[in-house]
Amino acid sequence: MFQTTKPRSRLGSAIYISELIYHNSVRAVRKTHGNAFMALFMNMLQTVIFVLAFYFMFQILGMRSTAIRGDFMIYIMTGVFLYMTHTKTLGAVVSSEGPASPMMQHAPMNTAIAIASAMLSTLYIQILSLVVILFVYDVAFNPFVMQEIHDPIGCLAMILLAWFSGAAIGMLLLAAKPWFPTPVQIVSTVYQRANMIASGKMFVANSLPPHMLAMFSWNPLFHTIDQSRGHAFVDYNPRNSDWEYALYLSLILIMIGLMGEFYTRKHASASWSARR
């Protein structure tokens, strides 16, 4: 109340907002544990367990023959990492602080900073997990794994697209969450569980017949995973997926989500959830 604010230049405002996003991202990463190293380790451990679980599942069920010719671990990681990045980002955005959150009582804080922090903290964890797992795999098991990846830049671009599409769908659900909290929670959970199969991480799009391809082609994650394998393997040319579909759909969804979040922010009240 007795604080005076000085006008900032555009550059000063950008630096100030970036600093707020940085500190809130650190808070989002560290909130799982008081120790910073343990917080990172616990976030990374889930991704490591997921990769190992799918590796042994493919081995036990004899599904390794359905994979693309090349390094089998890269085949698994191109599916698991994009799936984890997509679903984790969606969950983080949906769970971010809304307009009625106590965090919004602090003057510099707003929902845009909370959403950006949730997105960036998830991306940081997933990229760090990817680097650590690839480093361990390169040192301990396959010293030439990086040479076997046909287009690393293309694979990284598909990870970013999976991250962006997860954030776009999360924005759409976040805008509807104050109005329909229970249905949104159900839809978010069902979508994340359905993507265990619908993401296509256990098979390649080129092997699907047309009637089955129609069941998966609606999913932007399905397209990014298949395109990622096209960049990772020189012998695989994805002809039944399109990264442009995932990009354009994500742009449409995030614009609808931003408009919905702006409208919700103007009308949301802490009293909405008082009886729940």
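In this text the structure is predicted, and so the values were computed from the model without any measurement.

What counts and how
- Residues numbered from 1 in each chain as written.
- Predicted model: local features only at pLDDT ≥ 70, side-chain atom pairs only at ≥ 80, totals over all residues.
- Heavy atoms only, no water.
- Patch = residues over 30% accessible without salt bridge, like charges linked within 9 Å, V, L, I, M, F, W, Y side chains within 5 Å.
- Areas by Shrake-Rupley, 256 points an atom, 1.4 Å probe, with all protein chains shown as cover.
- Salt bridge = Lys/Arg side-chain N within 4 Å of Asp/Glu carboxyl O.
- Helix = DSSP H or I, 4+ residues; strand = E, 2+ residues; numbered from the N terminus.
- Buried < 20%, exposed > 50% of the residue type's maximum accessible area, 1.4 Å probe, protein only.
- pLDDT = per-residue confidence, 0-100.
- Expected span 1.5 Å × (residues − 1).
- Polar contact = N/O pair within 3.5 Å; in protein donor to acceptor, adjacent residues only side chain to side chain.
- UniProt positions renumbered as here; feature names shortened; annotations may be inferred.

## Observations concerning a nonpolar patch on the surface
Turning to step 1, where the next piece is worked out: Residues F37, M38, F41, M42, L45 and I49 make up a contiguous nonpolar surface patch of about 560 Å² in total accessible area.
Turning to step 2, where the next piece is worked out: Checked against the element boundaries, F41 lands in helix α2 (residues 36–61).
Turning to step 3, where the next piece is worked out: Looking at F41, the relative accessible area reads 40%, which means it is partly exposed.

## A short note on the confidence of the model for the protein chain
For residues with low pLDDT, the predicted coordinates do not support detailed interpretation.
Turning to step 1, where the next piece is worked out: Averaged over every residue, the pLDDT of the protein chain is 79; residues scoring 70 or more account for 83%.
Turning to step 2, where the next piece is worked out: Confidence scores differ between elements of the protein chain, with helix α5 (residues 145–148) showing the lowest mean pLDDT of 66 and helix α6 (residues 152–176) the highest of 90.

## Concerning helix α9 (residues 220–232)
Turning to step 1, where the next piece is worked out: In this model, α9 (13 residues) spans 18 Å end to end at C-alpha, consistent with the 18 Å of a helix rising 1.5 Å per residue.
Turning to step 2, where the next piece is worked out: Taken across its 13 residues, α9 has 12 buried, putting it largely inside the fold.
Turning to step 3, where the next piece is worked out: Listing the buried residues of α9 in full gives P220, L221, F222, H223, T224, I225, D226, Q227, S228, R229, G230 and A232.
Turning to step 4, where the next piece is worked out: Where α9 begins, the side chain of N219 points an oxygen toward the backbone nitrogen of L221, at a separation of 3.1 Å.

## Thoughts on the UniProt feature "transmembrane region" (unreviewed entry) in the protein chain
Turning to step 1, where the next piece is worked out: Per the UniProt record, "transmembrane region" (unreviewed entry) is annotated on residues 36–60, 72–93, 113–141, 153–176 and 245–263.
Turning to step 2, where the next piece is worked out: Secondary structure across residues 72–93 comprises 100% helix and 0% strand; the distance between its end C-alpha atoms is 32 Å.
Turning to step 3, where the next piece is worked out: In residues 153–176, the share of helix is 100% and the share of strand is 0%. The end C-alpha atoms are 35 Å apart.

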